[in-house]
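Next come the chains, spelled out residue by residue.
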Amino acid sequence: DRIDLPDGEHLVVRAWPEDETWRTEVQDLLRRGLPVLAEKVGLEWPVSGDIEVAEVHTPLLEGYAGVFYPSEDRIEISEDLDELTIIHEASHAWFNSKLFVGRWIDEGLADEYASRVLDDVSSAEVENDPVTADGPGHVSLNDWTHPGRIADEGTDARERFGYAASWRVIDELIA
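Nothing here was measured: the structure is a model prediction, and the numbers come from that model. (Residues numbered from 1 in each chain as written. Predicted model: local features only at pLDDT ≥ 70, side-chain atom pairs only at ≥ 80, totals over all residues. Heavy atoms only, no water.)

### Let's talk about the layout of surface pockets
Point 1. Counted as a void, the largest pocket has a volume near 630 Å³.
Point 2. The greatest single-element share of the lining of the largest pocket, amounting to six residues, is contributed by helix α4 (residues 153–174).
Point 3. Of the residues assigned to the lining of the largest pocket, the class counts are ten nonpolar, five polar and ten charged.
Point 4. Considering only enclosed or pocket space, the second largest pocket measures out at about 380 Å³ in volume.
Point 5. Lining the second largest pocket we find 19 residues, and of these Phe68, His92, Arg103, Glu107 and His146 sit closest to its centre.
Point 6. Broken down by secondary-structure element, the contributors of at least two residues to the lining of the second largest pocket are β4 (66–69), α2 (83–91) and α3 (103–121).
Point 7. The residue inventory of the lining of the second largest pocket, partitioned by class, reads eight nonpolar, seven polar and four charged. (1 Å grid on protein atoms, 1.4 Å probe; cavity = no way out; pocket = protein on both sides within 12 Å on 5 of 7 lines; lining within 4 Å. Points joined across faces, edges and corners; volume = space filled by probe spheres on them. Helix = DSSP H or I, 4+ residues; strand = E, 2+ residues; numbered from the N terminus. Nonpolar A, V, L, I, M, F, W, Y, C, P; charged D, E, K, R; others polar.)

Set out below in structure tokens:
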């Protein structure tokens, strides 16, 4: 299904034919949330063509709830619906290695802006996981790189720490 929004954002949502719930919820959230996200970011929409948003069987995402591929303008989102993930991945149209150096900056901004959008367009409660500097999986944010896949408990702990810590730092910087 194609979504053309008034400010020039174009998306193609690909869901499994039998999963009307996923298709409907993702389309509805993107229709409501993407214009708010664009307004909050304050930069022009950075994608000239379509962004494909595809439903993917959860195990194929190798431990992630969603993934944005900036070179392909493609988002893959788990069949397990999560509003924060949907808007987070859409925000990577802006927040990717083209705008900033450092994964933690992009991921922290993606979570922060997604949570702010959801405050405006959803009744879902969104909270960051608690994090301490020496918590499980702790890593210096400047050294936090994409592992490729989450295949073990150590990688999972680092990813959880990295996402929570980067969001907390960005949230505090913005505050």
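Having put the structure on the table, let's press on.
### Things to note about the pattern of salt bridges
Point 1. Considering all chains together, one arrives at 14 salt bridges under this definition.
Point 2. With a closest N to O distance of 3.0 Å, Asp4 and Arg2 form a salt bridge.
Point 3. Exposure remark for Asp4: the relative accessible area of 45% places this residue in the partly exposed category.
Point 4. We classify Arg2 as partly exposed; its relative accessible area is 44%. (Salt bridge = Lys/Arg side-chain N within 4 Å of Asp/Glu carboxyl O. Buried < 20%, exposed > 50% of the residue type's maximum accessible area, 1.4 Å probe, protein only.)

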